[in-house]
Amino acid sequence: LFPYTTLFRSMCVLAGALGRTPLIEISQSGPAWRHDSPPFTVHVHSPEKRSSTTAKADYTVFQLTTVFSPSEPEADESPLTMTVERRYSHFTLLHALLVERYPVVVVPQVPVKSYAGRFQEQFVETRRRDLERWCARIGRHAVLGSADEVREFLGIESDAVSYFATLLTNKY
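Residues numbered from 1 in each chain as written. Predicted model: local features only at pLDDT ≥ 70, side-chain atom pairs only at ≥ 80, totals over all residues. Heavy atoms only, no water.

Caption draft 1: Molecular detail of the overall build of the protein chain. The helix and strand tally for the protein chain stands at five helices and five strands. N-terminal to C-terminal, the α/β element order of the protein chain is α-β-β-β-β-β-α-α-α-α. Of all 172 residues assigned to the protein chain, the portion counted as buried reaches 37%. Summarising the internal contacts of the protein chain: among those between residues at least 6 apart in sequence, 58% fall at separations of at least 24. With an accessible surface of roughly 10300 Å², the protein chain has 56% of that area assigned to carbon and sulfur atoms. (Helix = DSSP H or I, 4+ residues; strand = E, 2+ residues; numbered from the N terminus. Buried < 20%, exposed > 50% of the residue type's maximum accessible area, 1.4 Å probe, protein only. Contact = heavy atoms within 4.5 Å. Areas by Shrake-Rupley, 256 points an atom, 1.4 Å probe, with all protein chains shown as cover.)

Put into structure tokens, the structure is as follows:
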């Protein structure tokens, strides 16, 4: 029983430090994280090569369409769908933010960055699939799938670079 008590206290401390109520269920097998928000799926699609006017460098923008399921499956609601644009660098900023804000949670690694052939069709398609898989892993995660930072990443159409950079510099 001692290991469960220690684990439970650690989970509560983490939740309290983040200003949230603990997302913990206690069962016969011990404490476990629980979801507090409806599931979602993310489709990464429509890659488009763009040029920066300030950095004078080309980059690829992906469309992220997120489908949020109704909070109660039996409710007569249609799913909420949102589409935003994100660059690879936005994913790395989100990853850095999640690692900082959730220090005891194992955050999946973002797909590896590569410069060689980054605008070739095969590379872009591989990156698109890898980013979609990464979003699916985050969405299935009991803690990260409910994180405000993830929901904002998927739903706020803004200059994501400055938005997430601001979140990283404003600690809690």
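Caption draft 2: Representation of the layout of surface pockets in the model. If you add up the space inside the largest pocket, you get close to 230 Å³. Lining the largest pocket are 15 residues, with Tyr59, Tyr88, Lys113, Arg118 and Arg127 positioned closest to its centre. A per-class count over the lining of the largest pocket returns seven nonpolar, three polar and five charged. (1 Å grid on protein atoms, 1.4 Å probe; cavity = no way out; pocket = protein on both sides within 12 Å on 5 of 7 lines; lining within 4 Å. Points joined across faces, edges and corners; volume = space filled by probe spheres on them. Nonpolar A, V, L, I, M, F, W, Y, C, P; charged D, E, K, R; others polar.)

Caption draft 3: Up close: the pattern of salt bridges. Summed over the entire model, instances satisfying the criterion amount to eight salt bridges. One salt bridge in this structure joins arginine 50 and glutamate 48, with 3.2 Å as the shortest N-O distance. A salt bridge links arginine 101 to glutamate 149, with the nearest nitrogen and oxygen atoms 2.9 Å apart. With arginine 101 in helix 2 (residues 88–101) and glutamate 149 in helix 4 (residues 148–155), this pair connects stretches of sequence that are 48 residues apart. Owing to a relative accessible area of 10%, arginine 101 belongs among the buried residues under this scheme. Because the salt bridges share partners, they merge into one network encompassing Glu125, Arg128, Arg129 and Glu132. (Salt bridge = Lys/Arg side-chain N within 4 Å of Asp/Glu carboxyl O.)

Caption draft 4: The environment of valine 105, seen in detail. Tracing the backbone through its elements, the reader meets valine 105 in the loop between helix 2 and helix 3 (121–140). Residues valine 105 and leucine 144, 39 residues apart in the sequence, show an inter-C-alpha distance of 8.4 Å.

From the geometry alone we can't say anything about function, so treat these as descriptive.
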